[in-house]
Amino acid sequence: MNARDKILSKIRNSQARTAAGNVAGTVAQTEMRDSYLALHPRGPLPPPLDNLVAGFKERAIKLSSDVMEASDSKDVPILLARYLSERKLPVSGVCWPSLAGLPWSTAGLDIQSRPAKNQDLVGVTGAFCAIAETGTLMMLSGPETPATTSLLPETHVAVLDPRRIVATMEDAWNLMRKEYKQPPRAVNFISGPSRTADIEQTVTLGAHGPYRVLLILAPL
Amino acid sequence: MQNTSINFKRQVTIKLADVKLQGALSRLQTRFVEGRAAVIGEINDLQETRTAAAAIRDRVLNDLEYWLLHFEQQATARGAIVHWAETGADVNRIVAEIAARHGVRTAAKSKSMVSEECGLNDALELAGVEVMETDLGEYILQLAHEAPSHIVAPVVHKNMEEIADLFAEKHQLPRKTDIAELCREAREVLRPAFLNADMGISGGNFLLAETGSVLIVTNEGNGRLVTTLPRVHVAITGIEKIVPTLEDVTTLLRLLPRSATGQSITNYVSVLTGNKDSADHDGPEHFHIILLDNGRSSLLGSEMQEMLRCIRCGACMNHCPVYQNIGGHAYGWVYPGPMGSILTPLLGGLENAPDLPNASTLCGACAVVCPVKIPLPDLLRKLREKQMERGMKSRQETFMLKAWAWLALHPAIYAIATKIGVRLMRILGGKEKLLHHLPGARGWTDGRDFPAPAGMTFRELYKRGGHK
Ligand code: SF4
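Residues numbered from 1 in each chain as written. Chains lettered and ligands numbered in written order. Predicted model: local features only at pLDDT ≥ 70, side-chain atom pairs only at ≥ 80, totals over all residues. Heavy atoms only, no water.

**Some points on the packing of helix 15 (residues 337-348) of chain B against helix 17 (residues 376-389) of chain B**
All names here are of chain B. The test is simple: Here an angle of 0 to 180 degrees is reported between the N-to-C directions of two axes, which are lines fitted to C-alpha atoms, with helices fitted over the stretch in contact. Strands here mean DSSP runs of E at least two residues long; helices mean DSSP runs of H or I at least four residues long; both are numbered from the N terminus. By definition, turning the near helix anticlockwise from the far helix through less than a right angle yields a left-handed crossing, and turning it clockwise yields a right-handed one. Residue contacts are counted whenever heavy atoms from the two residues lie within 4.5 Å of one another. Each residue gets one label: Ala, Val, Leu, Ile, Met, Phe, Trp, Tyr, Cys and Pro are nonpolar, Asp, Glu, Lys and Arg are charged, and the others, such as Gly, are polar.
At a closest axis distance of 9 Å, the pairing of helix 15 and helix 17 adopts a crossing angle of 35 degrees. Between helix 15 and helix 17 lies a crossing of left-handed hand. The segment helix 15 lies against helix 17, with Pro-338, Met-339, Ser-341, Ile-342, Pro-345 and Leu-346 engaging Leu-376, Leu-379, Leu-380 and Leu-383. Classifying every residue of the contact of helix 15 with helix 17 gives 9 nonpolar, 1 polar and no charged.

**A short note on the pattern of salt bridges**
Which entries qualify depends on this criterion: One side-chain nitrogen of Lys or Arg within 4 Å of one carboxyl oxygen of Asp or Glu is enough to make a salt bridge. The rule is simple: take the accessible area with a 1.4 Å probe, protein chains only, and divide by the maximum for that residue type; under 20% is buried, over 50% is exposed, in between is partly exposed.
Inspection of every chain in the model, using the stated rule, returns 39 salt bridges over all chains. A salt bridge links Asp-63 of chain B to Arg-33 of chain A, with the shortest nitrogen-to-oxygen separation between them at 2.6 Å. Taken together, the positions of Asp-63 of chain B in the loop between helix 3 (46-61) and helix 4 (64-77) and Arg-33 of chain A in helix 2 (residues 27-39) put the pair across two chains. Each member of the pair Asp-63 of chain B and Arg-33 of chain A is classed as buried. Note that Arg-164 of chain A and Glu-179 of chain A form a salt bridge whose closest N and O atoms lie 3.0 Å from each other. Taken together, the positions of Arg-164 of chain A in the loop between strand 7 (155-160) and strand 8 (165-166) and Glu-179 of chain A in helix 5 (residues 169-179) put the pair 15 residues apart, joining distant regions of the chain. The exposure class assigned to Arg-164 of chain A is partly exposed, which follows from its relative accessible area of 25%. Salt bridges here are not isolated pairs; linked through shared partners, they connect Lys-6 and Lys-10 of chain A together with Glu-86 and Asp-293 of chain B.

**Some remarks on the site of the ligand**
Residue and element names in this part refer to chain B. Using the following cut-off: Nearness of a residue to a molecule or strand requires only that one of the residue's heavy atoms be within 4 Å of it. Buriedness of a pocket was judged along seven lines, with at least five required to meet protein on both sides within 12 Å; pockets are open sets of points on a 1 Å grid over the protein atoms alone, cavities are sets where a 1.4 Å probe fits but cannot get out, and lining residues have an atom within 4 Å of a point. The way we define it, a molecule is inside a pocket or cavity when more than half of its atoms are within 2 Å of that pocket's grid points.
Within the structure, the ligand sits among Cys-310, Ile-311, Arg-312, Cys-313, Gly-314, Cys-316, Met-339, Cys-370, Pro-371, Val-372, Ile-374 and Leu-376. Among the cavities detected, the one that contains the ligand is the second largest cavity. For the shell around the ligand, the per-class residue count stands at 10 nonpolar, 1 polar and 1 charged.

**Points about the nonpolar core**
Convention followed: Here, nonpolar core means buried Ala, Val, Leu, Ile, Met, Phe, Trp, Tyr and Cys residues that are tied together by side-chain atoms lying within 4.5 Å of each other.
Counting residues in each nonpolar core, the largest one holds 132 residues, and the members touching the most others are Met-138 of chain A together with Val-95, Met-199 and Met-339 of chain B. Per-element tally for this core: the top contributor is helix 12 (residues 246-261) of chain B, with 7 residues. Not counting chain neighbours up to four residues away, the residues in contact with Met-339 of chain B comprise Ile-151, Met-307, Cys-310, Arg-312, Cys-316, Met-317 and Leu-376 of chain B. With 26 residues, the next largest nonpolar core counts Leu-136, Met-160, Ile-179 and Ala-186 of chain B among its residues.

**Remarks on the sheet that holds strand 8 (residues 242-243) of chain B**
Heads up, the rule is: When DSSP finds two or more bridges between two strands, those strands count as paired.
Pairing within the open sheet is mixed, and its 8 strands lie in the order 8(A)-5(A)-6(A)-9(A)-9(B)-6(B)-5(B)-8(B). Of all strands in the sheet, those bounded by a partner on one side alone are strand 8 of chain A together with strand 8 of chain B. As defined by bridge partners, strand 5 (residues 206-208) of chain B adjoins strand 6 (residues 213-218) of chain B across 3 bridges and the pair is classed as antiparallel. Residue pairing across strands places Leu-208 of chain B opposite Ser-213 of chain B, the latter belonging to strand 6 of chain B.

**Side note on the confidence of the model for chain B**
Heads up, the condition is: Within a predicted model, pLDDT stands for the predictor's per-residue confidence, ranging from 0 to 100.
Scored by pLDDT, chain B comes out at a mean of 89, with 90% of its residues at no less than 70. Overall fold confidence for the complex sits at a pTM of 0.89, while the interface term, ipTM, reaches 0.95.

**Observations concerning unusual backbone geometry**
When glycine is set aside, most residues are seen to have a negative phi, and most peptide bonds are trans. Residues and elements named next belong to chain B. For His-145, which is not a glycine, the phi torsion comes out positive at approximately 55 degrees. In this fold, His-145 is placed in the loop between helix 8 (136-144) and helix 9 (160-171). Even without a glycine there, the phi angle at Arg-312 is positive, about 60 degrees. By the secondary structure assignment, Arg-312 is in the loop between strand 10 (286-292) and helix 13 (315-318). Relative accessible area serves as the criterion here: at 14%, Arg-312 is assigned to the buried category.

Okay, here's the thing in structure tokens:
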């Protein structure tokens, strides 16, 4: 017997000892499991928010993200240029291909459309959607949406269409189920800059990932 | 990790006298206990959510074979390779084989308590693979050759000064004087390790049956790096970590970080499914998932099954008066605090950890904060009963308990015996009204005095009050 069979038979034997053990796959049980998977019922939810955008902004700021808003996506580069210069940060970096068309150079920025490498200091991404409950970005990995862009650079900038803000993570999963059949290789939920509290339980921003996360809300 | 729980009592004495440790532990209380209290109320209906979380875990545990097989099928369909390991040694062997098959020379690792169970790092070093811990806390421990003392904050027992000394010595860089500088130094030292690693090793907070995914929660970003950059990713976790659906895991995620560190959500929640696609720019080419039993299956269907609901948040130890005073190392294995006092004897043998079920005041704080409603004090009590049944209590304790049981069944003799007892103790207590020694209870009176009784039993006083 291989390890798999041994473990499975141990499980079976352990559970057969109790009356409550229900390992045997009766028809009724199989139907119950299948319908549970098909229905994927939700647990207790947070109270509904009146204003998703306001709720999202409030939560994101609480978790140390910076938030800016533009009425037109063409203004995103100017906002980013201002943000970087105020903090004396480098003005070159990389972006996802979908954002390559924004007027970066007009704003004095050097943003290249390619996945991030170790030495890139600014990474500009979009997001699949965002969650108001916790001020969280949901990122789906893919050829056009490399995961490294939000991970390696010290500054992560996410351009987010406010219409893609949903209330809860449950809503985010449903959006994913609707638009894709299955999750991509990596789904990353990001809630602010990387941090550690390992030394003396003191929260320090900027561990192995970005030191700062800037969210720019703009219709895309 | 070698189990040294047998030395518990000796360790306690040492830890109680350790001034630095006591300072570190009081910090844990303020940061984590107050942190949890500040955010747990954000949950709309906490009790309803805890009940739902416990039900999700029970659904899986009561039908574990089915959910494991469903997970395996989904994960395999997406290109992951699922391995099964009966023991920690089997995990080590499997990881070494994977490393050999893919020509792995260096591995970058994010925090995994299950890998601590196995003692994976030592085994990989023996197999010629250089392993780098990348979670800041675990990295510090690797440099210092120490074991974690908390499942969420592994280096809670060390202060900033000690870490600054350690970094200065090991990195050969000028000694840093604040926490942010230390963190930056670690980031700069470790970045090349991520970029050069052939293999990334992670744990798994949850396994999603619906999608065949491994979910990890992290704050530092190292978990994302080790699962994104290296060409091989190995995730190691326990067979009990399965959760049926994305909705179920969302319910658990509302509780886990709030209970653990007082965060509404961890910085990163990563759901990893299958290998890199040919068109992808990043992600591992090979994804291996190792499911470890190591005694877990034997708890199923037993009166201890509820322990397998545990989602490793650490709240029970943060709130435990015993842990708060002795820290994690005294417990002698990977898992400390109330959950460790139950898991260590269950997974490693009651005879190897005879003191742990007694390392609790049964104050009940752990059960109140546990997000999946594990009745920890009840389970501790059941373990104590098991010790009794197996005659593992000291002879003296057994004799005293038997004597008391006999007396309790004979009320008239009980009344006389207690009358004599309290009068004797009053005389022995003298003017101070304190007993410095109590025959048969040296362990108790060594550290404190026993207040002498007033000289009459409760029954006498009750009668005197005019009751019949
Ligand atoms: S027993 Fe409960 S409180 Fe303790 S670590 Fe596990 S889930 Fe958390």
